[in-house]
Amino acid sequence: MESIKKTCRFKKVYNHRRSVANRLLVLYIKKNGMENNFLGISISRKVGKAVVRNRIKRLIKEQIRLQEEALVRGYDLVIVVRAAAGDLQKDEDYKQIGRALLNLLDRQSLRKV
């Protein structure tokens, strides 16, 4: 999975207005017409200090990497982390982020069963 880095590409996904959300994350998706998926993660300073934000980003990337074979191809995915995710402190709590991400992927039918 490749990364989305340009602001204009983030905006295209946001403006497509296809999204699902839960307490911790918001997932925006847009078909890209390619064989690869592209991932962008947006995380505000409201979530926490840099250590917390980077840990959450690493957890999301790892969860996507583990699910990469099961994901439907050809989408741009933008994950917005909500401030509630910054309140998670323990490893058990951080697992909630992975479960929240899988929930969003399933709700958009992006995982092959």
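Below, the discussion takes up the layout of surface pockets. Taken as a whole, the largest pocket encloses approximately 180 Å³ of empty space. Forming the walls of the largest pocket are M1, E2, S3, L39, G40, I41, K57, K61, I64, R65 and E68. Looking at the lining of the largest pocket, the element that brings in the most residues is helix α2 (residues 50-67), giving four residues. Split into classes, the residues belonging to the lining of the largest pocket amount to four nonpolar, two polar and five charged.

Here we take up the side chain of N22. Here N22 lies in the loop between β2 (19-21) and β3 (25-31). N22 sits in the buried class, given a relative accessible area of 17%. In this structure the side chain of N22 is engaged in a polar contact, spanning 3.1 Å, whose partner is the backbone oxygen of A100. Once residues lying within four places of it in the same chain are set aside, the contact partners of N22 are R82, A100, N103, L104 and R107.

Taken across its seven residues, strand β5 (residues 75-81) has six buried, putting it largely inside the fold. Strand direction decides the pairing type here: β3 and β5, joined by seven bridges, are antiparallel. Bridge pairing in β5 links I29 to L77. The pairing of strand β4 (residues 38-43) with β5 spans six bridges and is parallel. Along β5, the bridge assignment pairs L39 with L77. The parallel pair β4 and β5, bridged by α2, forms a crossover whose chirality is left-handed.

One finds L25, L27, I56, I60, V81 and I97 to be the most contacted residues of the largest nonpolar core, which totals 29 residues. Within the residue set of this core, elements represented by two or more residues are β3, β4, α2, β5 and α3 (91-107). The leading source of residues in this core is α3, at seven residues. Those residues in contact with I60, other than ones at most four positions away along the chain, are L25, I41, I79, V81, I97 and L101. In terms of nonpolar packing, the next biggest core, distinct from the first, is built from five residues, I4, F10, V13 and V78 among them.

How each quantity is defined
- Residues numbered from 1 in each chain as written.
- Predicted model: local features only at pLDDT ≥ 70, side-chain atom pairs only at ≥ 80, totals over all residues.
- Heavy atoms only, no water.
- 1 Å grid on protein atoms, 1.4 Å probe; cavity = no way out; pocket = protein on both sides within 12 Å on 5 of 7 lines; lining within 4 Å.
- Points joined across faces, edges and corners; volume = space filled by probe spheres on them.
- Helix = DSSP H or I, 4+ residues; strand = E, 2+ residues; numbered from the N terminus.
- Nonpolar A, V, L, I, M, F, W, Y, C, P; charged D, E, K, R; others polar.
- Buried < 20%, exposed > 50% of the residue type's maximum accessible area, 1.4 Å probe, protein only.
- Polar contact = N/O pair within 3.5 Å; in protein donor to acceptor, adjacent residues only side chain to side chain.
- Contact = heavy atoms within 4.5 Å.
- Pairing = 2+ DSSP bridges.
- Right-handed = clockwise from strand over helix to strand, strands pointing away.
- Core = buried A, V, L, I, M, F, W, Y, C linked by side-chain atoms within 4.5 Å.

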